[in-house]
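Below are the chains, spelled out letter by letter.
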Amino acid sequence: MIAVTAVCMAYAPIAMTELWPYARPGAPALGEWVMGRVVNPRYVTDALAGRVAPYRHSLLPMIVHSVLGGALMLLGPAQLLTAARRRTRLHRTLGVVFAVTVYVSMAGAGIYLARTAPEDAFSGPAFWIVLATLLVGTVLSVTFGILAAVGGLPDLHQRWMLLCYAFLLTAPLLRLEWGFLPRLLPGLTMEQINQVAIAHLGSVVVFGALIASRARDRRTTVEGVSGSWAPLPVLAFAQLAGAAALLWIARSYLDFDATGRRLLWAYLLPYAVSYAVMAVNACRAGRQGRHWAREEWRLHLTALCLAPVLSVGAAPVFQRALGLDRLTALSAGVAIGCGMLAFTATTVVSLRVMYARELLKRTTPVAPASTARLSAPVAEVRS
């Protein structure tokens, strides 16, 4: 929570002022100033020159998106803190403000994406596809979070809102990579840096949301939940399918020499860490008898294994439907796989809990009406 708060507090003013120079040349832009000193001014100038034309015809929606995005960076930690401190009334009030801000901010981003062809977007079609996917995931996550809160499911509300905020955190994390990756991979343009970043940012943020969800849920079991929706045969099949898909992705990337190897490592390293943590925690929870924790880890592990399968299937679709070259289509498919499957896993977890709730309702005997009428006067006398 401290790390997220620090990142968000630092990024909020950068987000709010990022587009001022496009509306008024010469206006101060904190992000450009910081990046020019972290990397070099030439790197920033060359990178931002290509953003002028796409932003110019959608400037107002993008300003709304960026300013409200900065506000969300402040509202998110406030929501985390009010939830941790159990300030229920304040948490609900800020939650309404947060949800409205998400919808309006994402509407601004949606207008920009609708007016901008994928090939004209900043950093190209793959980046446009990732932005569109993030927009849909963010809006659906906050919507499901609201429905869970209204339905009296605080555990699911927490999961959806953490996932929503994880999607939003791709913005500050991308800026951190703009400053860090040029030192690790010198000589790359910002467009190439973005290609590396989108290869793993989706898996990083949704993995963080899962870690946060599990850290806040200390329940050993959930009433009504028995067995597993991800038994060992299903998990084994998902792992075999995922391994085959990963092999196909690796062979495809290696066809593109140094660029392909760079993108492959950017994808595989965070993926391997996520897989190892999920597998170890699922086994540990099983040994300790924490059946609900094991079930959630397993569901997300199954989804992670199937993410490369989705990527392999999406790449040729993007290539044919949007007329993309093979590398761009592959990068777009890889970039959206983990995020979309984590969203699917959270949906399955939600259905698991809701099914258990309905099962309890059906199996719990209801007291007859005559018994209820007789018990009411007795309760009054006792009181």
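Residues numbered from 1 in each chain as written. Predicted model: local features only at pLDDT ≥ 70, side-chain atom pairs only at ≥ 80, totals over all residues. Heavy atoms only, no water.

Trainee: How should I be thinking about the overall build of the protein in this particular structure?
Mentor: Looking only at helices and strands, one finds 17 helices and 0 strands in the protein. For the protein, whose C-alpha radius of gyration is 23 Å, the value lies close to the compact-globule estimate of 21 Å for 383 residues. Residue burial in the protein is summarised as follows: out of 383 residues, 47% are buried. Within the protein, counting contacts between residues at least 6 apart in sequence, those at least 24 apart form 77% of the total. Accessible surface for the protein amounts to roughly 19300 Å². Of this, 67% is attributable to carbon and sulfur atoms. For the protein, the centre of its 34 positive side-chain charges and the centre of its 17 negative side-chain charges are spaced 9 Å apart. (Helix = DSSP H or I, 4+ residues; strand = E, 2+ residues; numbered from the N terminus. Rg over C-alpha atoms; globule rule 2.2 N^0.38 Å. Buried < 20%, exposed > 50% of the residue type's maximum accessible area, 1.4 Å probe, protein only. Contact = heavy atoms within 4.5 Å. Areas by Shrake-Rupley, 256 points an atom, 1.4 Å probe, with all protein chains shown as cover. Lys, Arg positive; Asp, Glu negative; His and termini not counted. Charge placed at Lys NZ, Arg CZ, Asp CG, Glu CD.)

Trainee: What's the story with the packing of aromatic side chains in this structure? I'm lost.
Mentor: Counted under the stated rule, the structure contains 8 aromatic pairs. Seen from their ring centres, Phe 122 and Trp 178 are 6.4 Å apart, and the 90° between their planes marks the pair as edge-to-face. Here the residue Phe 122 occupies a position in the loop between α7 (88–115) and α8 (125–150), and Trp 178 occupies one in helix α10 (residues 170–184), the gap between them amounting to 56 residues. Each member of the pair Phe 122 and Trp 178 is classed as buried. On the numbers, 6.0 Å between centres and 55° between planes, the contact of Trp 229 with Tyr 355 is tilted. Taken together, the residues Trp 229 in the loop between α12 (201–216) and α13 (232–254) and Tyr 355 in helix α16 (residues 326–363) connect sequence positions 126 residues apart. With a relative accessible area of 38%, Trp 229 lands in the partly exposed category. Taken together, the aromatic side chains of Phe 122, Phe 127 and Trp 178 make up a single cluster linked through ring pairs. (Phe/Tyr/Trp six-rings, centres within 6.5 Å; stacked < 30°, edge-to-face > 60°.)

Trainee: Help me understand the packing of α12 against helix α15 (residues 291–321), please; the structure alone is not making it clear to me.
Mentor: Each pair of packed helices can be described by the angle between their axes along with the distance between the axes. Across the interface, α12 lies against α15 with an axial gap of 11 Å and an inter-helix angle of 170°. As far as their axial angle goes, α15 and α12 are roughly antiparallel. Taken together, the residues of α15 that come into contact with α12 (itself represented by Leu 210, Ile 211 and Arg 214) are Trp 292, Ala 293, Glu 296, Trp 297 and His 300. (Axes fitted to C-alpha atoms, helices over the stretch in contact; angles between N-to-C directions. Parallel < 35°, antiparallel > 145°, perpendicular 65-115°, else oblique.)

Trainee: Looking at this structure, I do not really get the environment of Ala 250. What am I missing?
Mentor: Mapped onto the elements, Ala 250 comes out in helix α13. On a C-alpha basis, the gap between Ala 250 and Leu 327 in space is 12 Å, while along the polypeptide they are 77 residues apart.

Trainee: Whenever I open this one, the pattern of salt bridges confuses me. Can you help?
Mentor: A pair can form between side chains of opposite charge whenever their charged atoms are brought close. In this structure the tally under the stated criterion is 10 salt bridges. Between Arg 159 and Asp 217 there is a salt bridge, with its nearest N and O atoms 2.6 Å apart. Of the two residues, Arg 159 is situated in helix α9 (residues 154–168) and Asp 217 in the loop between α12 and α13; the sequence distance between them amounts to 58 residues. Accessibility classification places Arg 159 together with Asp 217 in one group, the buried group. Taking the shortest distance from any N to any O, the salt bridge between Arg 352 and Glu 295 comes out at 3.0 Å. (Salt bridge = Lys/Arg side-chain N within 4 Å of Asp/Glu carboxyl O.)

Trainee: Even after reading the chapter, I still don't get the side chain of His 200, so can you show me in this structure?
Mentor: Along the chain, the position of His 200 falls in the loop between α11 (190–198) and α12. Residues in contact with His 200, not counting those within four places in the same chain, are Glu 177, Ala 266 and Pro 270.

Trainee: How should unusual backbone geometry be read in this particular structure?
Mentor: Most peptide bonds take the trans form, and the phi angle of most residues other than glycine is negative. Its identity as a non-glycine residue notwithstanding, Ser 123 has a phi of 70°, on the positive side. Examined against the element boundaries, Ser 123 turns out to sit in the loop between α7 and α8. Owing to a relative accessible area of 11%, Ser 123 belongs among the buried residues under this scheme.

Trainee: Even after reading the chapter, I still don't get the nonpolar core, so can you show me in this structure?
Mentor: As a rule of thumb, soluble globular proteins bury nonpolar side chains together. If you look at the biggest cluster of nonpolar residues, it comprises 96 residues, and the most contacted ones within it are Phe 98, Leu 168, Trp 178, Tyr 253, Tyr 267 and Phe 318. Broken down by element, the residue count for this core peaks at 12 residues, all from α16. What Phe 98 contacts, discounting residues up to four positions off in sequence, is Leu 72, Leu 75, Gly 76, Val 142, Met 161, Cys 164, Tyr 165 and Leu 168. Membership of the second largest hydrophobic core comes to 11 residues, among which are Ala 148, Val 222, Ala 230 and Leu 299. (Core = buried A, V, L, I, M, F, W, Y, C linked by side-chain atoms within 4.5 Å.)

Trainee: Would you take a moment to explain a nonpolar patch on the surface for this structure?
Mentor: Together, Val 96, Val 100, Tyr 103, Val 104, Ile 146 and Val 150 make up a nonpolar patch on the protein surface, roughly 520 Å² of accessible area in all. For the nonpolar patch, the secondary-structure elements that each account for two or more residues are α7 and α8. When residues of the nonpolar patch are assigned to their parent elements, the largest contribution, 4 residues, is made by α7. Its place among the elements puts Val 100 in helix α7. (Patch = residues over 30% accessible without salt bridge, like charges linked within 9 Å, V, L, I, M, F, W, Y side chains within 5 Å.)

Trainee: Explain the confidence of the model for the protein here, please?
Mentor: When pLDDT is averaged along the protein, the result is 89, and 93% of the positions lie at 70 or above. Scored below 50 in pLDDT, residues 370–383 shows 0 contacts in the model against residues more than four places distant or in partner chains. (pLDDT = per-residue confidence, 0-100.)

Trainee: What is the right way to look at helix α14 (residues 257–287) in this model?
Mentor: Three or four residues apart is the spacing at which side chains of an α-helix point the same way, because the helix has 3.6 residues per turn. Between its first and last C-alpha atoms α14 spans 44 Å; for 31 residues at 1.5 Å apiece the expected length is 45 Å, and the two agree. In the segment just after α14, Gly 289 is the residue with positive phi, at about 80°. (Expected span 1.5 Å × (residues − 1).)

Trainee: Which parts of the structure should I look at to understand α8?
Mentor: Its 26 residues place the ends of α8 38 Å apart at the C-alpha level, agreeing with the 38 Å of an ideal helix rising 1.5 Å per residue. A positive phi of about 75° marks Gly 152, the residue just after α8.

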